[in-house]
Amino acid sequence: MSKHTTAIFCEAHPEPPFWRVQFETLNLPRPGCFLLADFGGPLREVLFPAGLSAGGFSVLVPPGHPVQRLLPGETVDLLGPFGRGFQTEQVERLLLVAEAHLLPPLLPLLEAAPMVTLVLAAPTRALLPPARRFPPSVELHLITQDGSVGFAGTLETCHGADSPLLEATQWADRICASCDSAFYPKLARIVRQQRLNPPANFAQALIQIAMPCGVGACEVCRVQTVNGERRACTDGPVFDVLDFGL
């Protein structure tokens, strides 16, 4: 049974390469879960929280998103929260792995553990958020395809002896990732190589995909795993990364 609720649009301001949008509501999703918003289009829009507070949540959206047409104080019709979110309870050392354009759903986890490392990849420096946007306590490792900052390469290729991803996988208590799904089989192999018998949900992978109904009825969000086909909106959108690679 879906939950119907509303939120009040407060403001939107640029936070390159995104826009940050703030809503007031009492029905808050946990990190990794999502809401479906009616912005007047043919299908509802998926909203992942990028920030949580006592009175509401914020999201980061690309420029031109329909939410930018709202006026302050306008009511937004929502369904949710839906899905299976990240599990980070009782974690001391948390590793976050993201491609820059898929980073926003991981932002609520930046202070979810005493020690947090973020491995963040982008094609070039200009597509990365400024380092000042992250809490000083976060250990930040950058990867750029053109080598303009940090390690040169991509998440799929930057796996040498000095790779921050390999090193952090060895000591992390939990890994939470938000990347293109094509990278997850590689991440699954890294986890199996670096950890002996990793427990279930040691590494968790967020699938960002169209989920217009939220209840698995439309079958738009079907995801292929090693255990067969799953629906991201009900079985995920956070999966055990080992579901994507033997």
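Please read all numbers here as calculations on a predicted model, not as lab measurements. Think of each chain on its own: its residues are numbered from 1, step by step along the sequence as written. Local features in a predicted model are, by the rule used here, given only for residues with pLDDT of at least 70; side-chain atom pairs are given and counted only at 80 or more, and totals for whole chains, interfaces and linings are based on all residues. Side-chain numbers here rest on the full set of heavy atoms in the structure, without hydrogens or water.

1. Some thoughts on the environment of E24
- Mapped onto the elements, E24 comes out in strand β2 (residues 18-24).
- Sequence-wise, E24 and C10 are 14 residues apart; in three dimensions their C-alpha atoms are separated by 6.9 Å.
- Here a residue-residue contact requires only that any non-hydrogen atoms of the pair lie within 4.5 Å. When neighbours within four sequence positions are excluded, E24 is seen to be in contact with A7, I8, C10, G55 and G56. Elements are defined by DSSP. Helices are runs of H or I of four residues or more, strands are runs of E of two residues or more, and each kind is numbered from the N terminus.

2. A closer look at the pattern of salt bridges
- Every case where a carboxyl oxygen of Asp or Glu lies within 4 Å of a side-chain nitrogen of Lys or Arg is listed as a salt bridge. In total, this model carries 6 salt bridges according to the counting rule given.
- Note that R30 and E89 form a salt bridge whose closest N and O atoms lie 3.0 Å from each other. Here R30 is found in the loop between β2 and β3 (34-38), whereas its partner E89 is found in the loop between β7 (75-82) and β8 (93-99), with 59 residues between them in sequence.
- Burial here depends on accessible area, computed with a 1.4 Å probe over protein chains only, as a share of the maximum for the residue type. Under 20% is buried, over 50% is exposed, and the range in between is partly exposed. With a relative accessible area of 38%, R30 lands in the partly exposed category.
- A network of salt bridges, in which partner residues are shared, links E219, R222 and R231.

3. Details of the sheet that holds β8
- We call two strands paired when DSSP finds no fewer than two bridges between them. The 7 strands lie next to each other as β11-β10-β9-β8-β12-β13-β16, forming an open sheet whose pairing is mixed. Both outer strands of the open sheet, β11 (151-152) and β16 (238-240), are each paired with one neighbouring strand and no more.
- Taken together, the 7 bridges between β8 and strand β9 (residues 115-122) define a ladder with parallel strand orientation. In the sheet register, L94 faces β9, and the bridge partner there is V116.

4. Quick notes on the state of the cysteines
- In what follows, a disulfide is any cysteine sulfur pair within 2.5 Å. Evaluation of the coordinates by the stated rule reveals 0 disulfides.
- With no disulfide of its own, C33 lies 12 Å from the sulfur of C233, the closest cysteine sulfur.
- The class of C33 is buried, set by a relative accessible area of 6%.

5. A closer look at the packing of aromatic side chains
- A pair of Phe, Tyr and Trp rings is counted when the ring centres sit within 6.5 Å of each other, with Trp represented by its six-membered ring. The angle between the planes then sorts it: under 30 degrees is stacked, over 60 is edge-to-face, the rest tilted. Scanning the entire structure with this criterion turns up 6 aromatic pairs.
- Taking 6.2 Å as the distance between ring centres and 65° as the angle between the ring planes, the aromatic pair formed by F9 and F23 counts as edge-to-face. With F9 in strand β1 (residues 4-15) and F23 in strand β2, this residue pair connects regions lying 14 residues apart in the sequence.
- A relative accessible area of 3% means that F9 is categorised as buried.
- Aromatic side chains F239 and F244 sit 5.8 Å apart centroid to centroid with 80° between the ring planes, which places their arrangement in the edge-to-face category. Of the two residues examined, F239 and F244, each falls in the buried class.

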